[in-house]
Amino acid sequence: MTTAQLSVGELLRDWRERRRRSQLEVAIAADVSARHLSFIETGRSGPSRTMIERLCEELEVPLRERNRLYLAAGFAPVYQERPLDDLGAARSAVEAVLTAHEPYPACAVDVRWDMVATNRPMELFLAPLPDALRQPRLNMLRATLHPDGLAEQVRNYTQWRAHVVGRIRRQLYRTAADGLVELLEDVEGYPAPPGSDVEAPAVTARDGALPVLPLLLRTSLGDLSFLYVLSVIGAPRDVTVDEIAVEAMFPADDATREALLAHQPRMSAALMRAGCVCADNLETMSVKAQQYAAEVLRREQITPHLVRLVLGGPGLAGFESTGIPDEWVGLVVPGQFQSRYYTVRSWQGGELTLDVVVHDVGLVTEWATRTDPVGQTVTITEPKGSYAAPDGAQWLLLVGDLTAMPAMARIAETTTLPTRIWAETPDDLPGYLPETAEVTWSTPPSETSSDLAAAVEKIEWPEGDGYFWMAGESSQMRAIRKHLMRERKLDSHAYDVMGYWRGGGQKRQPRSVDPGPVWREGKAQGLTDEQIWQRYDEQQEQQ
Ligand SMILES: Cc1cc2nc3c(=O)[nH]c(=O)nc-3n(C[C@H](O)[C@H](O)[C@H](O)COP(=O)(O)OP(=O)(O)OC[C@H]3O[C@@H](n4cnc5c(N)ncnc54)[C@H](O)[C@@H]3O)c2cc1C
C-alpha cells in the first residue's frame, strides 16, 4: 500500500512513529486524550480539521503532507502551492539572501534539491552543465555527482557522495517527499569518476582541521573548498515556501576566499556588461574540463576486439599531454552527450591515438563498429593521469585486461624500471607490449568477466619496494584493493588500482543492493524508516 492509499489515522500514526513519539506523549502535548488519539489512529473516530492541524503542528508534518492528511480525511487541502514568482515577500527574502551572499555561491532549492533560484556566482559554476542535466529541472545533487556534471571536479567524491546519500535519507525520513527515493537510487548508482579513489584527499574527522566535511572542487580558479549553511523561511503557510531552503556556500579556507574575492571584479564587470549570464562570460569560472573537437582521421582493426582510432585536425591544436603514462581522456561520440574514458595510447605530431575495446553492446562500441567513424567529429576532454610510482621504486608490476593494454603498453615503453606484466586478453596481441617487459598472458573466462583478481593472488612479489598498477573490471579491482591492504599491507602510495568498466552486462552502473525495492518493501510491511535502512545496510554488508 502506498502512502497515497493510507487512511488519515494510518498517516498520523506513520508520522508519530517517524518522530519517535508515543501516543501518550503526543496526546498530552496536543491537549487531546490518549484514548481519542488511539481511536483516530485506528479509524474508530474521524478527526476534525482542527484536530488534524493540531496533531500535524505537534508532529512537525510538512505542509504538502498535511494536505495529504486533509484529503485522506475527506477535506479539501488547506495549503496553497504557488510558484516562487507569486510569493511576494517570501520571494524577495530569498532573493535578498542570495544576492547578499555574493561573491560566494548560493542557491534556493526545493525539498528534492531541484533548483528554484541561484545567485550569479552559483550560476557561473553551473553554467557548463549539459542541457540533459537541466531537464526537467536542474537538481543540485545530481549536478554535483553525475558523471556528465561536476563529478570529475569533486576531489573528495567518495566522501561527498556518502554525505549526500545521508542527506537524502534524512530528508526522506523528515519529509517523506515524492521523488526522493528515485534521487537516492540515481545518486547511489552514479559511477565514481576514474581516479577518484586515489585522488580523494584524506579529509577525516580525525584531521581536526575542520569541524565539517567540505566540498572540495577543482576549478579554473584552482582547488576550492566549500562548506554550506542551510536557511529556511520561518512560519511558512504555503507548500512552496515550506519546502524552500537556501544553500549558501562559504569558503572553507583562505585560498578559496581569496580566489573568489579576486575573481569578483571580473565576474561582476562581465555580468554588468551583459546584463545577464551569457555564454561569453560563463567560461570565466568554468569548473568543466576543457574540451576539444577532434576529427577521426583513421580507423584500424588491430584484433577482432580492438580498434585503433587516430584523431586529429585543428580542434586538437591546444591539446597538451600531461606526460603521465596512463593518462586518459573523455570521449563523446556524435549524437551522444555521455562520455566514456579512453587512454591516450600516443599523442604525436598532432595525432591522438586511442585503442578502443569493442564488445557486445555499448555506446562507443556501436559507433566504432557499426558506423564508419572516419571523417566524423568527436569531443575529447582534457587528459588526466593517475600513475605515480614513488621515488625509490625498484620494480613495476602491471596487471590489466584488454581495456588496460594501452596504458600498460605506454607505461612499459616509458619506464626505466624492470617491469612484469599480467595481461588478460581474448586475442593474441603480438608486438603490442615492449619486449623489455616480462609478460604473462591469460584469456578472460568470458566476454563480460575477468579473472584477474585470482591471478594477482598467485603473484610472487619481487624483493624490495616497487609500484603495483592495475586496471580492468571493477569488481576484480575491489577484490584486489582488499588483498593489497589486508594481506600485502601495502602503503597506499605503492599501488594504484582502477576500475575501468563494470561487468555483468548492466545498462547502468549497478548497485550492490538497490535501495528502491528495499524501501518500497519495507514501507509495505509497515517498517519504520530506520528499520528499512538497517535492513538495507545489512543486505549491503552481505554482498
Ligand atoms: C581511466 C580509464 C581509462 C580507460 N581506457 C580505456 C582504453 O584505453 N580502451 C578501452 O577500450 N577502454 C578503456 N576504458 C574502459 C572504457 O571506458 C569502458 O569499457 C566503457 O564502458 C566502454 O564504453 P562503451 O560505450 O563501449 O560501453 P558502455 O555503454 O559503457 O557499456 C555497455 C555495456 O558494455 C559492458 N562493457 C563495458 N566495457 C566493457 C568491456 N571492456 N568488455 C566487456 N563489456 C564491457 C558494460 O558492462 C555494459 O553492460 C577506460 C576506462 C577508464 C576509467
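Just above, that's the structure.
Residues numbered from 1 in each chain as written. Predicted model: local features only at pLDDT ≥ 70, side-chain atom pairs only at ≥ 80, totals over all residues. Heavy atoms only, no water.

(A) Inspection of the sheet that holds strand β12 (residues 377–381) at higher detail. Strands sit in the order β9-β8-β12-β6-β7-β11-β10 across an open sheet of 7 strands; the sheet is antiparallel. On the outer flanks of this sheet lie β9 (340–343) and β10 (346–348), each paired with one strand and no other. Going across the sheet, the axis of each strand differs from the next one's by a mean of 40°, ignoring polarity. Alignment of strand β6 (residues 291–303) against β12, held across 5 bridges, turns out to be antiparallel. Directly across from Ala 294, in β12, lies its bridge partner Val 378. (Pairing = 2+ DSSP bridges. Helix = DSSP H or I, 4+ residues; strand = E, 2+ residues; numbered from the N terminus. Axes fitted to C-alpha atoms, helices over the stretch in contact; angles between N-to-C directions.)

(B) Fine view of the packing of aromatic side chains. Counted by the stated rule, this structure contains 9 aromatic pairs. Seen in terms of ring centroids, Phe 125 and Phe 226 are 6.0 Å apart; in terms of plane orientation they differ by 90°. Their pairing is edge-to-face. Taken as a pair, Phe 125 in helix α7 (residues 120–126) and Phe 226 in strand β4 (residues 222–232) lie far apart in primary sequence, 101 residues in all. Overall, the relative accessible area of 4% leaves Phe 125 in the buried class. Here Phe 319 and Trp 347 contribute two aromatic rings whose centre-to-centre distance is 4.9 Å and whose plane-to-plane angle is 65°, an arrangement assigned as edge-to-face. Here Phe 319 is found in the loop between β7 (306–312) and β8 (328–332), whereas its partner Trp 347 is found in strand β10, with 28 residues between them in sequence. An aromatic cluster of at least three residues, connected via ring pairs, comprises Tyr 292, Phe 319 and Trp 347. Across from the ring centre of Trp 15, 4.9 Å away, lies the NZ or CZ of Arg 18, which sits over that ring. The aromatic ring of Tyr 432 is capped on one face by Arg 345, whose charged end is 5.2 Å from the ring centroid. (Phe/Tyr/Trp six-rings, centres within 6.5 Å; stacked < 30°, edge-to-face > 60°. Buried < 20%, exposed > 50% of the residue type's maximum accessible area, 1.4 Å probe, protein only. Lys NZ or Arg CZ within 6 Å of the ring centre and 35° of its normal.)

(C) Summary view of the nonpolar core. Among the nonpolar cores identified, the biggest contains 45 residues, and Trp 113, Leu 126, Met 140, Ile 168 and Val 187 are the most heavily contacted of them. Here the element with the most residues in this core is helix α9 (residues 157–175); it accounts for 6 residues. Leu 306, Leu 398, Met 405 and Ala 471 belong to the second-largest nonpolar core, a separate cluster that totals 25 residues. (Core = buried A, V, L, I, M, F, W, Y, C linked by side-chain atoms within 4.5 Å.)

(D) Seen up close, the pattern of salt bridges. Counted by the stated rule, this structure contains 26 salt bridges. The shortest N-O distance in the salt bridge between Glu 95 and Arg 91 comes to 2.8 Å. Taken together, the residues span about one helical turn, with Glu 95 and Arg 91 both in helix α6 (residues 88–100) at a distance of 4 residues. Of the residues examined, Glu 95 reaches a relative accessible area of 34% and is grouped as partly exposed. You can call Arg 91 partly exposed: its relative accessible area is 27%. (Salt bridge = Lys/Arg side-chain N within 4 Å of Asp/Glu carboxyl O.)

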